[in-house]
Amino acid sequence: MQARGSVAITGVGIVSAAGSSPESFWETVVGARTVAHRIERVDMSESPVRFGCEVTDFEAHTVLSPKESRRTDRVTQFTLSAADAAFRDAGSPEVEAARVATVIGSGFGGLETADDGAREFLGVNESAIKGRINPLFIPMVMPNASAAAVSLRHGFRGPSLCISTACAAGAHAIGEGMRLLREGSADLVVAGGAEAPLTAWVMTAFAAAQALSRRESDPGAASRPFDRDRDGFVMGEGAAVVVLERIDDARARGAVVRAELLGYGRNTDAYHLVAPPPDGRGAADCMRLALGDAGATPDDVVHVNAHGTSTVHNDVAEASAIRAVFGDSAPPVTSVKGVLGHSIGAAGAIEAVASVLTLASRTMPPTANFGVADPAIDLDIVTAARALPDGLVMSNSFAFGGHNAVLVLGPG
């Protein structure tokens, strides 16, 4: 099968607990330095889980004016920072504004604004007047605020879309950006994902759903993808954005092609709202779709950047899916969530950037905290950095709701 048309990734930008530049992020990831810690920026005293992978080096004033900072949620601030960096990294290409699209994924939108608004309305916040609420509440909390903010900031007048497919949103955003280029709806796409979910009520809700690790005494060891003793994921936050162009356009302007996006698959499990089918059949089908879109075979893939959440059932289902697609010759597998936790709608975009850097450095990063193999997971889990052979990298993202997204990338 022939590929439908590869797309160049010419810029990357990131804000994460592991680092807010590609260089610092990669150094942390390839060094397997876990970043989970007790959350200090917001009051977590009412939450049963008080640790996460918090971005501690981000200052909104470096991206926005004081007025703009007051009018945007943390998730939008993350997005703007990552998008600015990605556009600069791409060389600030000059493209007709009406031909530039923006696609940003987010599972929740402005959660801190929602938290503050509820407290303000109920008269809980100090000096709040009960029954009143910030008049900017709606534009700050809406999930599409990040995509709108990027378009407004740069004057991009092409399609501006928000993808909200939970933990697959960031990967879906990048994949749909690829499709916009292929179909001729844009000449350049700024795509990625963002999330800022570290609030007490959101953490409490995920804990109630039995999704979070409870290793309060040792947060750094809590995210343990594919490990026998995993007990849930660690909540993270951040954003990642990439600049996408048709490969011929990128080469014509002399751009540095960081990687090629070759294939994209998306489908739905139609099985359960929050659980995957145990055999991972939806995820397996999605991987096959992505390979077909790339004109590739399983033998072409030399590394899988797994979704790998560190939850009991999801890790087993994904392992089953990988085995179903690749058989006994399954390539080595990494989950970077061992380092930086699970940032929900940002995860797929952050992991796409990790895949770009895997290809650029020709190095497979390790899965932090993997110590004892789970007998139900028969995969080659990367536990120390390895040389990457020639070939393709697959990046998996699977979400609540049964939403699946898979990206296939090759070297630039």
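Before reading further, recall that the structure is shown in the block above.
Residues numbered from 1 in each chain as written. Predicted model: local features only at pLDDT ≥ 70, side-chain atom pairs only at ≥ 80, totals over all residues. Heavy atoms only, no water.

**Examining the overall build of the protein**
Move 1: Counting its regular elements, the protein contains 13 helices and 14 strands.
Move 2: Relative to its length of 412 residues, the protein is compact, with a C-alpha radius of gyration of 20 Å against a globular reference of 22 Å.
Move 3: If one aligns the C-alpha atoms of the protein with their principal axes, the spans along those axes are about 65 × 55 × 40 Å.
Move 4: The buried share of the protein, taken over its 412 residues, is 59%.
Move 5: Intrachain contacts of the protein at a sequence separation of at least 6 include 78% that bridge at least 24 residues.
Move 6: Charge-centre separation for the protein: the mean point of 34 positive side chains lies 3 Å from the mean point of 47 negative side chains. (Helix = DSSP H or I, 4+ residues; strand = E, 2+ residues; numbered from the N terminus. Rg over C-alpha atoms; globule rule 2.2 N^0.38 Å. Buried < 20%, exposed > 50% of the residue type's maximum accessible area, 1.4 Å probe, protein only. Contact = heavy atoms within 4.5 Å. Lys, Arg positive; Asp, Glu negative; His and termini not counted. Charge placed at Lys NZ, Arg CZ, Asp CG, Glu CD.)

**Here's the deal with the nonpolar core**
The nonpolar side chains of soluble globular proteins are, as a tendency, buried together.
Move 1: By size, the foremost hydrophobic cluster in this structure holds 71 residues, and its most contacted members are Phe 25, Ile 174, Val 189, Leu 244 and Leu 261.
Move 2: When neighbours within four sequence positions are excluded, Phe 25 is seen to be in contact with Ile 14, Ser 16, Ala 18, Gly 19, Leu 340, Ile 350, Val 353, Ala 354 and Leu 357.
Move 3: Among the nonpolar cores identified, the runner-up in size contains 29 residues, and Cys 286, Ala 290, Val 304 and Leu 379 belong to it. (Core = buried A, V, L, I, M, F, W, Y, C linked by side-chain atoms within 4.5 Å.)

**Section: the pairing of strand β8 (residues 259–268)**
Move 1: Buried residues dominate β8, accounting for 8 of its 10 residues.
Move 2: Bridge count for strand β1 (residues 7–16) against β8 is 3 bridges, and the pairing is antiparallel. Opposite Ala 8, over in β8, you have Glu 260 as the bridge partner.
Move 3: Two elements, β8 and strand β14 (residues 403–411), share 9 bridges in a ladder whose sense is antiparallel. Of the residues in β14, the one forming a bridge with Asn 267 is Asn 404. (Pairing = 2+ DSSP bridges.)

**Some details on the packing of helix α3 (residues 74–89) against helix α6 (residues 145–154)**
Move 1: For the pair α3 and α6, the least separation of the axes is 9 Å and the interaxial angle reads 45°. With respect to each other, α3 and α6 are oriented oblique. The way α3 lies across α6 gives a crossing that is right-handed. On α6, the residues touching Val 75, Thr 76, Thr 79, Leu 80, Ala 83, Asp 84 and Phe 87 of α3 are Ala 145, Ser 146, Ala 149, Val 150, Arg 153 and His 154.
Move 2: Here the contact of α3 with α6 is composed, by residue class, of 7 nonpolar, 4 polar and 2 charged. (Axes fitted to C-alpha atoms, helices over the stretch in contact; angles between N-to-C directions. Parallel < 35°, antiparallel > 145°, perpendicular 65-115°, else oblique. Left-handed = near helix turned anticlockwise from the far one by under 90°. Nonpolar A, V, L, I, M, F, W, Y, C, P; charged D, E, K, R; others polar.)

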